[in-house]
Amino acid sequence: MAAPLQPSRKIQESIMKRMILAGLALGAVLMQDLYAFSVEVEPTVSEISVPAGGSYAGVITVTNVSKDALEITSKIMDWEYESCAGAKKYFPTGTSRYSCSGWITYTPDSFRLEPGQSQEVHYTLTAPAAASGGYFSMALFGAVIPGAKTSNGVTVNIALNMATLFVVEIENTQDVRGSLKELDVVRSAASGPLEVTARFRNEGNVRVNAQGRLSILNTDGSTVGWTRFPDIKTLPQDECTTAAQWDGLGKGHYRLVATFELAPGKLLIREKEINIE
């Protein structure tokens, strides 16, 4: 049997060029749609204080700020921090360590929004009598443009998700506590910047957003300078490492003082002596 005919190299290149151009055109259409396709959720974070066994009622406003009508659906999920900078990861309802998804009821759970239209979503959170500390869930709203988008014969469905995070604390049970497990100098050469790392552990039962400061002192206690650590965002039992830098420190003996504020008036302090040769 004769081998099937193969298109010439010139034809192959022409086909490939058309595919690339079609892809670029589709990408341009998608980018235009994405820029015009937007929904706002307010508030983005709902911080709730409720007594054990008590209830809290609130409102979330969802607004269509795009040029197209949108179909909105929603669901309750759990969330945790995946980095001390505040990046988040999401979980199905009731599967994270400190979920309160089962405490939340709300209405409506789906609706249509015309351009510029808003919808209030009313929710109630009821805490169990045995609850204590902090709990974390979210209301996730999914927006879809009714009808598929088509470009060059390719059908594309565009969807967008926005959320309100629930940060819940049970009144009179909050334990704001933490520890600095380590304070290490990564580089201390006289010709390079000083880099100090601190490892923080949230040992309480609520969310802690810690603000840190590094002070550099001479042997006589006078201040050479100070800088800030990046803010640390943690849930209970989270550990993370943050770093601060100071450039231009000369040879000598110094005392490093790391101070982290966990809440107003609640400080963690750790010191370390270093010698730069």
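For the structure, check the block above.
Quantities reported herein were computed from a predicted structural model and do not represent experimental measurements.

Student: Even after reading the chapter, I still don't get the state of the cysteines, so can you show me in this structure?
Tutor: Scanning the entire structure with this criterion turns up zero disulfides. Cysteine C84 remains unbridged, with the sulfur of C240 as its closest cysteine sulfur at 3.5 Å. Using a relative accessible area of 9% as the deciding quantity, one classes C240 as buried.

Student: Help me understand unusual backbone geometry in this model?
Tutor: What you tend to see is this: most non-glycine residues have negative phi, and most peptide bonds are trans. Residue E42 is joined to P43 through a cis peptide bond whose omega torsion reads 0 degrees. The topology assignment puts P43 in the loop between β1 (39–42) and β2 (45–50). P108 follows T107 through a cis peptide bond whose omega is -5 degrees. Tracing the backbone through its elements, the reader meets P108 in the loop between β6 (104–107) and β7 (110–113). Here the phi dihedral of Q237 falls at roughly 75 degrees; this positive angle occurs in a residue that is not glycine. If you trace the backbone, Q237 turns up in the loop between β16 (223–234) and β17 (239–246).

Student: Any chance you could explain the nonpolar core here in plain terms?
Tutor: The nonpolar side chains of a soluble globular protein tend to be buried, and buried together. Ranked by internal contacts, the top residues of the largest apolar core, which has 27 residues, are I60, V62, W103, F166 and V168. Elements represented by at least two residues in this core include exactly β1, β2, β3 (55–64), β4 (70–81), β7, β8 (118–126), β9 (134–144) and β12 (159–170). If you tally residues by element for this core, the top one is β9, at four residues. Among all residues touching F166, those that are not within four sequence positions of it are S46, I48, I60, I76, W79, I104, Y123, Y135, F136, S137, M138 and A139. Counting residues in each nonpolar core, the second largest holds 24 residues, with A198, L249, F260 and L262 among its members.

Cut-offs and rules
Residues numbered from 1 in each chain as written. Predicted model: local features only at pLDDT ≥ 70, side-chain atom pairs only at ≥ 80, totals over all residues. Heavy atoms only, no water. Disulfide = S-S within 2.5 Å. Buried < 20%, exposed > 50% of the residue type's maximum accessible area, 1.4 Å probe, protein only. Helix = DSSP H or I, 4+ residues; strand = E, 2+ residues; numbered from the N terminus. Core = buried A, V, L, I, M, F, W, Y, C linked by side-chain atoms within 4.5 Å. Contact = heavy atoms within 4.5 Å.

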